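Fold and contact review
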Amino acid sequence: MELQALTTRAKHVCKYKSVLNWGREDVRREGKAVAADLEELSDGKLDNLRCLHSLYSLLGDSAKVLKATEWTLAQPWCTGSSAQLEPEDAKVPSKCFAMTMSERLTALLDLGRMKQARREFKKAVKKRIGGRKAVHWSSIYQLAPFAVPGLRAQPLWEPAAELLPLARLLEANHALIAADLDRILADKSAQWGYGGITPTIISRGDWLSFPLLQNMVWDSAHCAVAASTCSLLRERRELVAEPSVRFAGNGLNINTSVFFARLPPGSGLRLHPGGHNTRLDLHLPLRGVEGARISIAKGAWQSYQVGRVKAFDDSFVHAVSHNGTEDRIVLVVFMWHPDFLRTVGPEAAAAAEHEHQTCGGAAADEALELDGVRLEEGQPPQVPKDD
């Protein structure tokens, strides 16, 4: 296929509007065809390589994700070994490296190739680009591409109701929230879609949402149906406090969100990390939890209990599987990480933004913690041995 035509076709398939329909078989077939063409091309163009990564991830092909990331990491503009950077990476040279290594390490974990994952992780956390740390990962399982240094990094926040006031509030008002869900399900005009979620992580089946809060804005129409839930959460600082660090330099806009999430029987979400470490993910199970499980940081599969909040740091890799007989529906609340809330306000804003941009502050370089082992700057990572 002629280069220009292939590039145009690749952008069409990879653009956001197309991946929203990724559950459609015709879109998946198109994706496979474009991936095959791009693989033959392998021209080193940033957009085409990223598209290839996305297609392989969407197709659930971790082995080919490894191949695509290997190509990208061989490009000087991605590893900081060349002054010639792609335009969108010029401000933050480590952006490409962080995103690519996140995909690559997640694929290695998915394939169970732990020795290789640990070996490459050790190199990644030691790498510097332009005098800055390329990634700020505390664990081989915490692979969000972007991170604010210095935030507590723990996969699970349990017991949630004891550690997080917002989790306690959700559990205490479970009945009110469940009643709102009943009204939504009874309303035939209620539209379930992909607002607030990332459909590209669907590995099988489907995953739908009914959003209440997106991009720091409450949905007035949806809140009219789920009035009790919106009223309960509308003024919570964990959701509405304006953060000081917006990752403007690397194009990532971080926000809190609230939505009902619906996972039909037979559906699943592939192993993946969130995009950043500034939030915690709270799940309040409401119905259909029989047969639904979640694995966080490659830990044991955990079941859900109706009315009991499960809280975790979604910058750690996680996966969801549902083999029950009815839709699993949970209220998902993405709240600010408790430590991140300290960056709210004028004085904290300046300090946090400087720390993030330079990656040279005390919180950034003072120490790392890899799988529970605390390291001082300059100390080589002591990665646990394979079992």
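Before reading on, note that the structure itself is shown above.
Below: a short report on this structure. Computed from a predicted structure; not experimentally measured.

Concerning the overall build of the chain
The helix and strand inventory of the chain stands at 16 helices and 15 strands. Here the chain holds 387 residues, and the buried ones make up 52% of them. Counting only contacts in the chain whose residues sit at least 6 apart along the sequence, the fraction spanning at least 24 positions is 71%. In the form shown here, the chain has an accessible surface area of approximately 17000 Å², with 50% of it arising from carbon and sulfur atoms.

Brief notes about unusual backbone geometry
That bond from Glu158 to Pro159 is cis: its omega, -5°, falls within 30 degrees of zero. One non-glycine residue, Met216, lies in the positive phi region at around 65°. Along the chain, Met216 turns up in the loop between strand S4 (208-214) and strand S5 (217-218). Owing to a relative accessible area of 21%, Met216 belongs among the partly exposed residues under this scheme. With phi around 60°, Lys298 is a residue other than glycine that occupies positive phi space. Assignment of secondary structure puts Lys298 in the loop between strand S9 (292-296) and strand S10 (302-303).

Calculation notes
- Residues numbered from 1 in each chain as written.
- Predicted model: local features only at pLDDT ≥ 70, side-chain atom pairs only at ≥ 80, totals over all residues.
- Heavy atoms only, no water.
- Helix = DSSP H or I, 4+ residues; strand = E, 2+ residues; numbered from the N terminus.
- Buried < 20%, exposed > 50% of the residue type's maximum accessible area, 1.4 Å probe, protein only.
- Contact = heavy atoms within 4.5 Å.
- Areas by Shrake-Rupley, 256 points an atom, 1.4 Å probe, with all protein chains shown as cover.

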